[in-house]
Amino acid sequence: MFETTVKFIQETYQTKAFLPLHEPVFFGNEKKYLNECIDSTFVSSVGKFVDQFEQMVAEYTGAKYAIATVNGTAALHIALKLVGTDEKSEVITQPLTFIATCNAISYCHAKPVFVDVDKDTMGLSPKSLKSFLETESIQKDGLCYNKTTGKKITAIVPMHTFGHPCKIDEIAAICNEYNIALVEDAAESLGSYYKGQHAGTFGKLAAFSFNGNKTITTGGGGMIITDDEALAKYAKHLTTTSKVPHPYEYTHDEIGYNYRLPNLNAALGCAQMEILDTILSNKRALASQYIDFFSKNNMSFVHELPNTKANYWLNAIILKDKKERDVFLKETNDRGVMTRPIWALMNKLDMFKECQSTDLSNALWLEERVVNIPSGVRL
Ligand SMILES: *Cc1c(COP(=O)(O)O)cnc(C)c1O
């Protein structure tokens, strides 16, 4: 049934060998910087590459400050902590996301509340968010509380699914109106823009990920970005075990985290940042071939929306129904073309099934139909 699709993808990548979903590529100064880093002996959490990597990401995204972390989940954890998320809090997010979003909320001992996504962006729906807040929240002393549970809603965490920006300006406006901090899960969206502005720069804080399967990688790694100097300083403090700066004395003023990105990983990150634009244009060329092919074959490919520029991290198609999706998954994987269904919804997982949620029909619709197809850079 999907013979032509399999053939097209194999031809696009010029291979009949197994095709993974997304492989990292290292065609820049990766080995050079790694060697330099090893020779310097500064392989751990202090070194010039960490500072340089932070500067490069800040400059690239247009954020004032960037703080490197051991992974994207840690970046999200700290970002949520910085806006006051604790055991007396709730955080509104989308059910259609990678588990890290909800894990980070849980590390703060808070509960997620799920609102629906939009079908076109696959990201948090401003309409669903607004209707939830209108009926379910109240304002007290300039803060937002859940009417039913009495808990404070400290943050809203939208996610830019597969690098396609959600309607982030509308979400930011709602956050302002309701006095809730906007923390963007921008893990998948380095190189993505909404109305010309980089994803992750619309709220108080945002988190990126540099895991091995992301657009660029540091092996494992993450980054917090913010325009707020005080938050940036506090983020650095918390991620470096809350050590009070001193030439030789070890004093820590609160419980901190060993979350600082090692210099060795940052060396890889600096080299990857240098080739990011080449990676992005390569991925854009692939997406454009996919757009041509799938439109000719009457299949629905997820393309960038007006007002957005996507990084096309993971390409996705939308099958007609679950049955067709399952046939597609089997046929492609059987032939060595790796494809994968979108995540199971967070509200269905044991850990989060008791959490409050709105009507989630769009998320449920997408869950049954969306499949990722090979998206790696072709060298
Ligand atoms: C990758 C990812 C993260 C962070 O993952 P790490 O593996 O911890 O770097 C967070 N949220 C989303 C949506 C992601 O895709």
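The preceding data block contains the structure.
Fair warning: this is a prediction, and the values are worked out from it, not measured in the lab.

> How should the overall build of the protein be read in this particular structure?
In terms of helices and strands, the protein carries 12 helices and 16 strands. Taken against the 2.2 N^0.38 rule, which gives 21 Å for 379 residues, the C-alpha radius of gyration of the protein at 21 Å falls within 12% of a compact globule. Overall, the C-alpha framework of the protein stretches about 65 × 60 × 35 Å when taken along its three principal axes. Within the protein, buried positions represent 55% of all 379 residues.

> What is the right way to read the packing of helix α1 (residues 3–12) against helix α10 (residues 276–296) from this model?
Two quantities define a packed helix pair, namely the angle between the axes and the distance from one axis to the other. Here α1 crosses α10 at 155°, and the two axes come no closer than 12 Å. Comparing their axes, α10 and α1 come out roughly antiparallel. Here α1 runs over α10; the crossing is right-handed. For the pair α1 and α10, the contacting residues are Thr4, Thr5, Phe8, Ile9 and Thr12 in the first and Leu286, Gln289, Tyr290, Phe293 and Phe294 in the second. For the contact of α1 with α10, the per-class residue count stands at 6 nonpolar, 4 polar and no charged.

> Help me out: how do you make sense of the environment of Gln289 in this one?
Mapped onto the secondary structure, Gln289 falls in helix α10. Beyond its immediate sequence surroundings of up to four residues, Gln289 is in contact with Phe8, Thr12 and Arg378. Engagement of the side chain of Gln289 in a polar contact is seen with the side chain of Arg378, the distance being 2.8 Å.

> Could you clarify how one ought to interpret the packing of aromatic side chains in this entry?
For any two aromatic rings, the description comes down to two numbers: the centre-to-centre distance and the angle of the planes. All chains considered together, the criterion is met by 14 aromatic pairs. Here the aromatic rings of Phe162 and Trp343 are separated by 5.2 Å at their centres, their planes lie at 35°, and the arrangement is tilted. Taken as a pair, Phe162 in the loop between β6 (152–157) and α7 (168–178) and Trp343 in the loop between β15 (340–341) and α12 (361–367) lie far apart in primary sequence, 181 residues in all. In this pair, the class of Phe162 matches that of Trp343, namely buried. A connected cluster of aromatic rings, assembled from ring pairs, spans Phe8, Tyr290, Phe293, Phe294, Phe301 and Tyr312. Geometry around Trp365 places Lys119 over its ring, the cationic atom sitting 4.2 Å from the centre.

> Hey, could you run me through the pattern of salt bridges in this one?
Opposite charge on two side chains lets them pair, provided their charged atoms get close. Enumeration over the complete set of coordinates arrives at 18 salt bridges. Residue Glu304 pairs with Arg284 through a salt bridge whose shortest N-O separation is 2.8 Å. Taken together, the residues Glu304 in the loop between β12 (300–301) and β13 (308–309) and Arg284 in helix α10 connect sequence positions 20 residues apart.

> Sorry, what's going on with the sheet that holds β12 here?
A sheet is described by the order of its strands in space; here 4 strands give the open sequence β12-β14-β16-β15, paired in antiparallel fashion. In this open sheet, the two strands that pair with only one neighbour each are β12 and β15. Bridge analysis of β15 against strand β16 (residues 370–373) gives 2 bridges, and the strand direction is antiparallel. Each residue of the ladder has a partner; that of Arg340, found in β16, is Asn372.

> Would you mind showing me how to read the side chain of Thr226 here?
Inspection of the secondary structure puts Thr226 in strand β11 (residues 222–226). Given a relative accessible area of 3%, Thr226 falls into the buried group. A distance of 3.1 Å separates a polar side-chain atom of Thr226 from the backbone nitrogen of Asp228. With sequence-adjacent residues up to four places away left out, Thr226 is seen in contact with Ala63, Lys64, Tyr65, Lys204, Leu205, Leu231 and Ala232.

> What exactly am I supposed to notice about unusual backbone geometry here?
Apart from glycine, the bulk of residues carry a negative phi angle, and the bulk of peptide bonds sit in the trans form. The phi dihedral of His109 falls on the positive side, at around 65°, and the residue is not glycine. Tracing the chain through its elements places His109 in the loop between α5 (99–107) and β3 (111–114). Looking at His109, the relative accessible area reads 61%, which means it is exposed. The backbone of Lys195 sits at a positive phi, close to 45°, despite the residue not being glycine. With respect to the secondary-structure elements, Lys195 resides in the loop between β8 (193–194) and β9 (197–198).

> Quick question: what am I supposed to make of the site of the ligand here?
As a structural note, the neighbourhood of the ligand is formed by 15 residues, with Gly72, Thr73, Glu188, Ser209 and Lys214 the closest of them. One nitrogen or oxygen atom from the side chain of Thr73 is found 2.4 Å from an oxygen atom belonging to the ligand. One of the side-chain nitrogen or oxygen atoms of Ser209 is found 2.6 Å away from an oxygen atom of the ligand. Of all the elements in the fold, those that place two or more residues in the shell around the ligand are α4 (72–82) and α5. In terms of residue class, the shell around the ligand is made up of 4 nonpolar, 8 polar and 3 charged.

Analysis parameters
Residue indices begin from 1 for each chain and proceed along its sequence in written order. Where local features are concerned, this predicted model is filtered to residues with pLDDT of at least 70; where side-chain atom pairs are given and counted, the filter is 80 or more; whole-chain, interface and lining totals use all residues. Side-chain descriptors were evaluated using all non-hydrogen atoms of the structure, hydrogens and water having been removed beforehand. The numbering of helices and of strands both runs from the N terminus, where a helix is a DSSP run of H or I of at least 4 residues and a strand a run of E of at least 2. Atoms counted for the radius of gyration: C-alpha only. Globule rule: 2.2 Å times the number of residues to the power 0.38. Per-residue accessibility, obtained with a 1.4 Å probe over protein chains only, is compared with the maximum for each type, and a residue is labelled buried under 20%, exposed over 50%, and partly exposed between these values. Between N-to-C directions, angles cover 0 to 180 degrees, with each direction set by a line fitted to C-alpha atoms, over the stretch in contact for helices. By definition in this entry, angles of less than 35 degrees are roughly parallel, angles greater than 145 are roughly antiparallel, angles of 65 to 115 are roughly perpendicular, and the rest are oblique. Whether a crossing is left-handed or right-handed is set by the direction in which the near helix is turned from the far one by less than a right angle, anticlockwise for left-handed and clockwise for right-handed. Should any heavy atoms of two residues lie within 4.5 Å, those residues are considered in contact. Just so you know the grouping, Ala, Val, Leu, Ile, Met, Phe, Trp, Tyr, Cys and Pro go in nonpolar, Asp, Glu, Lys and Arg go in charged, and all remaining residues, Gly too, go in polar. Polar contacts, as counted here, are pairs of nitrogen or oxygen atoms within 3.5 Å of one another; within protein the pair requires one atom able to donate a hydrogen and one able to accept it, and residues that are adjacent in sequence qualify only if both atoms are side-chain atoms. The aromatic pairing rule takes the rings of Phe, Tyr and Trp, using the six-membered ring of Trp, and pairs them if the centres are within 6.5 Å, calling planes under 30 degrees apart stacked, those over 60 edge-to-face and the rest tilted. Charge-over-ring contacts are defined here by two conditions on Lys NZ or Arg CZ: a distance within 6 Å of the ring centre and an angle within 35 degrees of the ring normal. What makes a salt bridge here is a side-chain nitrogen of Lys or Arg within 4 Å of a carboxyl oxygen of Asp or Glu, nothing more. Following DSSP output, two strands are said to pair if at least two bridges run between them. For this description, a residue counts as near a given molecule or strand if any of its non-hydrogen atoms is within 4 Å of it.

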